[in-house]
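Coordinates in review
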Amino acid sequence: MLHVGEPAPSFTLPDANLEMMNLSSYRGKKNVVLYFYPKDGTPGCTLQAIGFSDREDEFNKLDTVVFGVSRDDVLSHQAFRDEHGLTVQLLADTEAVDGHARSTLLRSTFVIDKKGVVRHILQDVNPKAHVGEVLKICKELSAKKHAN
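Residues numbered from 1 in each chain as written. Predicted model: local features only at pLDDT ≥ 70, side-chain atom pairs only at ≥ 80, totals over all residues. Heavy atoms only, no water.

Quick notes on the environment of Ala-79
- Of note, Ala-79 is situated in helix 3 (residues 74-84).
- Overall, the relative accessible area of 45% leaves Ala-79 in the partly exposed class.
- For the pair Ala-79 and Phe-11, spaced 68 residues apart in the sequence, the C-alpha separation amounts to 24 Å. (Helix = DSSP H or I, 4+ residues; strand = E, 2+ residues; numbered from the N terminus. Buried < 20%, exposed > 50% of the residue type's maximum accessible area, 1.4 Å probe, protein only.)

Points about helix 1 (residues 43-54)
- If you check helix 1, its first and last C-alpha atoms are 16 Å apart, about what twelve residues at 1.5 Å a residue would give, namely 16 Å.
- Buried residues of helix 1: Gly-44, Cys-45, Thr-46, Gln-48, Ala-49, Gly-51, Phe-52 and Ser-53, and no others. (Expected span 1.5 Å × (residues − 1).)

Observations concerning the nonpolar core
- Core analysis: the largest hydrophobic core is formed by 22 residues, its most contacted members being Val-33, Tyr-35, Phe-52 and Phe-59.
- Those elements giving two or more residues to this core turn out to be strand 3 (31-36), helix 1 and helix 4 (127-147).
- The element contributing the most residues to this core is helix 4, with six residues.
- If sequence neighbours within four positions are ignored, Val-33 has contacts with Phe-52, Phe-59, Thr-64, Val-65, Val-66, Phe-67, Thr-109, Phe-110, Val-111, Val-134 and Cys-138.
- The next biggest cluster of nonpolar side chains, apart from the first, holds 15 residues, and it includes Leu-13, Leu-34, Val-65 and Ile-112. (Core = buried A, V, L, I, M, F, W, Y, C linked by side-chain atoms within 4.5 Å. Contact = heavy atoms within 4.5 Å.)

A closer look at helix 3
- Restricting attention to buried positions, one finds in helix 3 the residues Val-74, His-77, Phe-80 and Arg-81. For helix 3, the arc enclosing every buried residue in end-on projection is 120°, short of the 170-degree limit, so these residues lie on one face. Turned more than 90 degrees from where helix 3 packs its buried face, Leu-75, Asp-82 and Glu-83 sit exposed.
- Elements that come into contact with the buried residues of helix 3 comprise strand 1 (12-14), helix 1, strand 4 (64-70) and strand 5 (89-92).
- One side-chain oxygen of the residue at the start of helix 3 lies 3.2 Å from the amide nitrogen of Leu-75, identifying that residue as Asp-73. (Arc of directions from axis to C-beta. Polar contact = N/O pair within 3.5 Å; in protein donor to acceptor, adjacent residues only side chain to side chain.)

Focus: the pattern of salt bridges
- Tallying each qualifying case throughout the model produces six salt bridges.
- Between Lys-114 and Asp-63 there is a salt bridge, with its nearest N and O atoms 2.8 Å apart. A residue pair is termed long-range when its members are at least 10 positions apart, and Lys-114 in the loop between strand 6 (108-112) and strand 7 (118-123) and Asp-63 in the loop between helix 2 (56-61) and strand 4 qualify at 51 residues.
- In this structure, Arg-119 and Asp-113 form a salt bridge, with 2.8 Å as the shortest nitrogen-oxygen distance.
- Under the relative-accessibility criterion, Arg-119 is labelled partly exposed at 33%. (Salt bridge = Lys/Arg side-chain N within 4 Å of Asp/Glu carboxyl O.)

Points about the pairing of strand 5
- The pairing of strand 4 with strand 5 spans four bridges and is classified as parallel. The residue bridging Phe-67 from the neighbouring strand is Gln-89, located in strand 5.
- Crossover connection from strand 4 via helix 3 to parallel strand 5: handedness right-handed. (Pairing = 2+ DSSP bridges. Right-handed = clockwise from strand over helix to strand, strands pointing away.)

Let's talk about the sheet that holds strand 7
- Pairing in this open sheet of five strands is mixed, and the strands run 5-4-3-6-7 from one edge to the other. At either end of the open sheet lies a strand with only one pairing partner, and these are strand 5 and strand 7. Strand-to-strand, the axes of this sheet are offset by a mean angle of 20°, without reference to chain direction.
- Across five bridges, the pairing between strand 6 and strand 7 is antiparallel. Residue pairing in the sheet places Phe-110 in a bridge with Ile-121 of strand 7.
- Each of strand 4 and strand 5 is contacted by helix 3, which is oriented at about 160° to strand 5, the strand it contacts most. (Axes fitted to C-alpha atoms, helices over the stretch in contact; angles between N-to-C directions.)

Read these as layout, nothing more, since geometry by itself doesn't imply function.
Right, here's the structure in full:
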């Protein structure tokens, strides 16, 4: 289990375009939001994915990239993305990168700073208010960086 203040583990997962995303490639460049969700196409997951996609420009202005992660495969992600016009990158964690052998992921979000350190962990989140809450955290993270 990850804790705030610990380095985020490096991993590589395929996205909906069949391209490999390596978390460590963002170290020193961007903050990263990894939000784990149970399943493509379910109401809460759709609400979250659309919310992150709709506010992608705001995250970009904060030097932050957002990735949605579920156990669904890349074909499921492609269909989910295309059906809802999603722009947020969806990663296929079919091999349980989080280290837990269960069929679905718990809804949780990790905010990782540019140094690769976990700064916030949100668990059992409410999909309706979640994107705004994560954006606020990213703004605070950006403000702290500029204050130093």
